[in-house]
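# Descriptive analysis of the structure
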Amino acid sequence: MDGLGRRLRASLRLKRGHGGPPQDNSGEALKEPERAQEHSLPNFAGGQHFFEYLLVVSLKKKRSEDDYEPIITYQFPKRENLLRGQQEEEERLLKAIPLFCFPDGNEWASLTEYPRETFSFVLTNVDGSRKIGYCRRLLPAGPGPRLPKVYCIISCIGCFGLFSKILDEVEKRHQISMAVIYPFMQGLREAAFPAPGKTVTLKSFIPDSGTEFISLTRPLDSHLEHVDFSSLLHCLSFEQILQIFASAVLERKIIFLAEGLSTLSQCIHAAAALLYPFSWAHTYIPVVPESLLATVCCPTPFMVGVQMRFQQEVMDSPMEEVLLVNLCEGTFLMSVGDEKDILPPKLQDDILDSLGQGINELKTAEQINEHVSGPFVQFFVKIVGHYASYIKREANGQGHFQERSFCKALTSKTNRRFVKKFVKTQLFSLFIQEAEKSKNPPAGYFQQKILEYEEQKKQKKPREKTVK
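Every residue gets a number counted from 1 within its own chain, in the order that chain's sequence is written. Selection of residues for local features in this predicted model requires a pLDDT of at least 70, selection of side-chain atom pairs for listing and counting requires 80 or more, and totals for whole chains, interfaces and linings are taken over all residues. Calculated side-chain values reflect all of the structure's heavy atoms, with hydrogen atoms and water omitted.

The name given to the protein chain in an unreviewed UniProt entry is DENN domain containing 2D, and the organism recorded there is Pan paniscus.

Each helix corresponds to a stretch of at least 4 residues labelled H or I by DSSP, and each strand to a stretch of at least 2 residues labelled E; elements are numbered beginning at the N terminus. Locating D341 in the fold gives a position in the loop between β12 (331–334) and α10 (345–356). Relative accessibility under 20% of the residue-type maximum defines a buried residue, over 50% an exposed one, and the middle range a partly exposed one, all with a 1.4 Å probe and only protein chains included. For D341, a relative accessible area of 62% puts it in the exposed group. C-alpha separation for the pair D341 and Q243, spaced 98 residues apart in sequence, amounts to 8.9 Å.

A separate point is the sheet that holds strand β9 (residues 283–285). The strand order β9-β10-β8-β11-β12 describes an open sheet built from 5 strands, whose pairing is mixed. The sheet terminates laterally at β9 and β12, the two strands that pair on one side only. Taken over all neighbouring pairs, the strand axes of this sheet differ in orientation by 25° on average, direction set aside. Strand pairing follows a simple DSSP-based rule, namely that at least 2 bridges must link the two strands. When β9 meets strand β10 (residues 302–307), the two strands line up parallel, connected through 3 bridges. Note on β10: the bridge partner recorded for Y284 is M303. Residue contacts follow a heavy-atom distance rule, with two residues in contact if any of their heavy atoms lie within 4.5 Å. Each axis is a line fitted through C-alpha atoms, taken for helices only over the stretch in contact, and angles between the N-to-C directions span 0 to 180 degrees. Along the sheet, helix α8 (residues 261–273) contacts β8 (253–258), β9 and β10; its crossing angle with β10, the most-contacted strand, is approximately 165°.

Attention now goes to the packing of aromatic side chains. Two aromatic rings, drawn from Phe, Tyr or Trp (for Trp, its six-membered ring), form a pair once their centres lie within 6.5 Å of each other, and the interplanar angle then sorts them: stacked below 30 degrees, edge-to-face above 60, tilted otherwise. Under the defined criterion, the tally for this structure stands at 27 aromatic pairs. A centroid spacing of 6.5 Å and a plane angle of 55° characterise the contact between W108 and Y114, whose relative ring orientation is tilted. On the accessibility criterion, W108 (17% relative accessible area) is buried. On the numbers, 5.3 Å between centres and 70° between planes, the contact of F379 with F380 is edge-to-face. Over the aromatic face of F184 sits the side chain of R173, whose NZ or CZ is 4.5 Å from the ring centroid. For a Lys NZ or an Arg CZ to count as sitting over a ring, it must be within 6 Å of the ring centre and within 35 degrees of the ring normal. Residue placement shows R189 over the ring face of F51; its charged tip is 5.7 Å from the ring centre.

Further remarks concern the side chain of D104. In this structure, D104 sits in the loop between α3 (84–101) and β3 (117–124). By relative accessible area, which is 7% here, D104 ends up buried. Think of a polar contact as two N or O atoms within 3.5 Å of one another; within protein, one of them needs to be a possible hydrogen donor and the other a possible acceptor, and neighboring residues in sequence only count if both atoms come from side chains. For D104, the side chain forms a polar contact with the side chain of R137, separated by 2.8 Å. At 2.9 Å, the side chain of D104 and the side chain of Q307 are in polar contact. Residues within four places of D104 in sequence aside, it is in contact with R137, E290, Q307, R309 and F310.

Right under this line is the structure:
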């Protein structure tokens, strides 16, 4: 790891804040990848602030060198009133962010054309709290060759479609003047983040255009609002997606390769979202900066995205039991070899059958998301949906999971064989720890699907008796 990587790790050692929202200890995540945690994005009830910062990150030529370094050239808000310790923490955070806005390295040249890219990165604390960076990279308006810049919104909230629309508004205003961005972002900062299915409307004035009303609607099904499965479906077959899912379920090492930052971040978020209601609890970096490529040598599980330009460097790294996915070609460059045999065959067939039915009739992103996610949620319903019945509670309400009885309850030998492995993963352990603390099953989407499945089984039994 070069000096830049060491400086980045040092700059990211953030402590927990004493006031305000939790601060991410991303330095621990990057310094010790095996301890990093990435939990599925929470279902916010609404009422939170939309964002913490809007940043513009530009490329600046280093002194006496041909290389460039990314620096923050605009920041809103300034946060002048922080206590000294809080200021230091914010400064460390703000020093780290530019590297994730330009993960490609330091070699750049002025351009006259550059395809706009929308992508994201995640800075994760060891306790699972995180900040998400929503980025739009493009060439600024102007004549002649110029360097790209990035608009970056830092938020603790996961809602990718909504923040993409906000970036559209920021970009539109930046083409006029930086001064026009301020009132829009100030209005957004004062607005409460809407609950699922609700809309917040902002009033914004633009010179020569007048007052505009901007509506920002949050999807009703909030467990999928942080993901878009379209890129994953475009790059890979259903069978390949199923093998990635199987590898992730057993917490293996998974590397995605792609040219575009948008493709990388969208595909890795989609792969992690397939694990719902479970949460990836290991190193998770949607786009790995060049200076942190040594992450792929980590001996513990990870899910990372790497730009195609670094393919050879990745291939030359010492790695074991890695699934290396080439999203450009739709191929696996490296694999363990047993990916098709991890999941029970009958349940694999059920997933593939469901994915293939009516896929061409889907039109909206919400329809695609529900169609892709549904069969994987149903897989977990069938395989572990009976978990709540095997949590015994003491008088004080503390639960204790009966692992052996839980596994024996499965009548299928292949299902039981798989579950015996799955219950040993951190995915399952974190999930069951939360269930043990809660006196009642969470009234969420997964619980709803469990109840529907149990009702279907009840209705099926009388019909089977009638047939006999």
